[in-house]
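# Geometric and topological summary
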Amino acid sequence: MTDTAPRPTLEAVAARAGVSRATVSRVVNGAAGVREALAARVRRAVEELGYVPNQAARSLVTRRHDAVAVVVAEPEERVFADPFFARQMRGIGKELTAHDNQLVLLLTEGREDHARVARYLAGGHVDGALVFSLHLDDPLPGLVRRAGVPTVFGGRPGWSDGRDDVVYVDSDNRGGARDAVRHLAALGRARIAHITGPLDQTSAADRLAGYRDVVGDAGPALVARGDFTPGGGERAMRELLGRCPHLDAVFAGNDLTAAGALRVLRAHGRRVPEDVAVVGFDDMLSVAEQTEPPLTTVRQDIEEMGRLMARLLLRGLDHEAARPRDPSAAGSASRPSSGVVLPTTLVRRASA
């Protein structure tokens, strides 16, 4: 059996750097009050000895675990099949990695999952939570509140629990939808249909509102409910063709929905864009550039949304760490309510 070398200790680092153990502890834990010359000596000693801080001991000092929960209110087959989630988590991961934090992914599908996630968050394993893809009747916001962890939400909140300190990041879904439908109208299209996303999500509801801002009350025949999936787009497109066979444009709730709609239009002999123009939403290149024809769509910066969610959370945690602990203030990344809404841009390709 091979002997394992003992792990370097704080005392060994202090001896190598020629400073006190307390000075090493302050540098390792990122505390202020150490002259840069001494801090540089400590960092050099840490590197030379290969010292790795004991996370449990470090947490006692910093009250931080350097871990953030990412809670997605969707089943795992949806999360891993939809490139939207990969792009958002890529942005989150990049920001957390840049600040030496770990990402802990938690997925919810049913009530048992909600209870499990609530127990985990309340158990003190993470410093905060990033929660997105919420539905209007979702209990997650209340569970996160009761767990007492600082939280940033992805998407405009669609619930009301009497609190005014919700922090969230969203895209201009309504404005982007208006741009999409105005573009179709400018092409001379008169019978513009819309395939929604799940209307218990604010992103889908806002896109439907943007569509109606332009077309007014188009009537139920031109609106079909989808679910942000290709299969949902196919079902809704068949429904629309059955109800309104002379439609000449479709604004789809997202790119995956548009991809499904394009397949049905092609199967029914409709030429795109000559017979029916199609616009999506998201600008996921793995979808929009691979459809036939390539998809005109509304671009939202999904990765930047993830980055910004993580940035706001970490900024709030740093703010909390700088003041005395107040349990009654737990549950949001910063006290005042704040929402950041990122702009969208219409990207023109061949489908419209």
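Residues numbered from 1 in each chain as written. Predicted model: local features only at pLDDT ≥ 70, side-chain atom pairs only at ≥ 80, totals over all residues. Heavy atoms only, no water.

The protein is annotated in an unreviewed UniProt entry as LacI family transcriptional regulator from Streptomyces griseoviridis.

## Looking at the sheet that holds strand β8 (residues 249-252)
Overall, mixed pairing links the six strands, which are arranged β7-β6-β8-β9-β10-β12 in an open sheet. Both edges of this open sheet fall to β7 (223-225) and β12 (344-347), since each of them pairs with a single strand only. Direction aside, neighbouring strands of the sheet carry axes that sit 15 degrees apart on average. Pairing of strand β9 (residues 277-282) with strand β10 (residues 296-300), which is carried by four bridges, proceeds in the parallel orientation. (Pairing = 2+ DSSP bridges. Helix = DSSP H or I, 4+ residues; strand = E, 2+ residues; numbered from the N terminus. Axes fitted to C-alpha atoms, helices over the stretch in contact; angles between N-to-C directions.)

## Things to note about the packing of helix α1 (residues 10-17) against helix α3 (residues 36-49)
Interaxial distance between α1 and α3 falls to 9 Å at its minimum, and their mutual angle equals 120 degrees. Accordingly, the angle class assigned to the pair α1 and α3 is oblique. In this structure, α1 crosses over α3, and the sense of that crossing is right-handed. Counted together, A12, V13, R16 and A17 of α1 and R41, V42, A45, V46, E48 and L49 of α3 form the full contact between these two elements. Among the residues making up the contact of α1 with α3, the classes are represented as seven nonpolar, no polar and three charged. (Parallel < 35°, antiparallel > 145°, perpendicular 65-115°, else oblique. Left-handed = near helix turned anticlockwise from the far one by under 90°. Contact = heavy atoms within 4.5 Å. Nonpolar A, V, L, I, M, F, W, Y, C, P; charged D, E, K, R; others polar.)

## Here's the deal with the pattern of salt bridges
Evaluation of the coordinates by the stated rule reveals 22 salt bridges. Measuring nitrogen to oxygen at the nearest pair gives 2.8 Å for the salt bridge that ties R16 to E48. On the criterion of sequence distance, the pair formed by R16 in helix α1 and E48 in helix α3 is long-range, its members being 32 residues apart. The exposure class of R16 is partly exposed, given its relative accessible area of 46%. Between R238 and E234 there is a salt bridge, and its shortest N-O distance comes to 3.7 Å. (Salt bridge = Lys/Arg side-chain N within 4 Å of Asp/Glu carboxyl O. Buried < 20%, exposed > 50% of the residue type's maximum accessible area, 1.4 Å probe, protein only.)

## A closer look at the packing of aromatic side chains
Counting across every chain of the model gives two aromatic pairs. Between F84 and F85, the ring centres sit 5.6 Å apart and the planes meet at 90 degrees, which makes this aromatic pair edge-to-face. Accessibility classification places F84 together with F85 in one group, the buried group. Consider the rings of F85 and F132, whose centres lie 6.2 Å apart with planes at 20 degrees: the pair is stacked. With F85 in helix α6 (residues 83-98) and F132 in strand β3 (residues 128-132), this residue pair connects regions lying 47 residues apart in the sequence. Summarising the burial analysis for this pair, F85 and F132 share the class buried. (Phe/Tyr/Trp six-rings, centres within 6.5 Å; stacked < 30°, edge-to-face > 60°.)

## Here we look at empty space enclosed by the protein
In the structure shown here, the tally under the stated rule is one cavity of 30 Å³ or more. Taken together, 29 residues make up the lining of the largest cavity; nearest its centre are F84, S133, G154, Q201 and S203. Only α6, β5 (167-171) and α10 (202-215) provide two or more residues apiece to the lining of the largest cavity. Looking at the lining of the largest cavity residue by residue, the classes come out as nine nonpolar, 13 polar and seven charged. (1 Å grid on protein atoms, 1.4 Å probe; cavity = no way out; pocket = protein on both sides within 12 Å on 5 of 7 lines; lining within 4 Å. Points joined across faces, edges and corners; volume = space filled by probe spheres on them.)

## What about the nonpolar core?
Grouped together as the largest cluster of nonpolar side chains are 37 residues, with contacts concentrated most on L184, Y211, M237, L247, V250, F251 and V278. Residue contributions to this core peak at five residues, all from helix α12 (residues 255-267). Excluding anything up to four places from it in sequence, L247 contacts R191, A193, L222, M237, L240, L241, D275 and V276. Formed by 29 residues, the second largest nonpolar core is a distinct cluster that contains V79, V152, M284 and L342. (Core = buried A, V, L, I, M, F, W, Y, C linked by side-chain atoms within 4.5 Å.)

## A word on the pairing of strand β4 (residues 151-154)
Covered by surrounding structure in β4 are T151 and F153 together with V152 and G154, the residues of both alternating faces. When β3 meets β4, the two strands line up parallel, connected through four bridges. Note on β4: the bridge partner recorded for A129 is T151. Strand direction decides the pairing type here: β4 and β5, joined by two bridges, are parallel. Residue pairing in the sheet places G154 in a bridge with V169 of β5.

## Let's talk about α12
Between the first and last C-alpha of α12 there are 19 Å, a value that for 13 residues agrees with the 18 Å anticipated at 1.5 Å per step. Burial within α12 is extensive, with ten of its 13 residues counted as buried. All buried positions along α12 are accounted for by D255, L256, T257, A258, A259, G260, A261, L262, V264 and L265. Phi turns positive, to about 75 degrees, at G269, one or two residues after α12. (Expected span 1.5 Å × (residues − 1).)

## Looking at the pairing of β8
Burial along β8 is two-sided: the face carrying A249 and F251 and the face carrying V250 and A252 are both buried. Inspection of the sheet shows strand β6 (residues 192-196) paired to β8 by four bridges, in the parallel sense. Across the sheet, the residue bridging to A193 is V250, located in β8. In terms of strand pairing, β8 meets β9 through three bridges, oriented parallel. In the strand pairing of β9, V250 is matched with V278. For the handedness criterion, the β-α-β arrangement of β8, α12 and β9 is classed as right-handed. (Right-handed = clockwise from strand over helix to strand, strands pointing away.)

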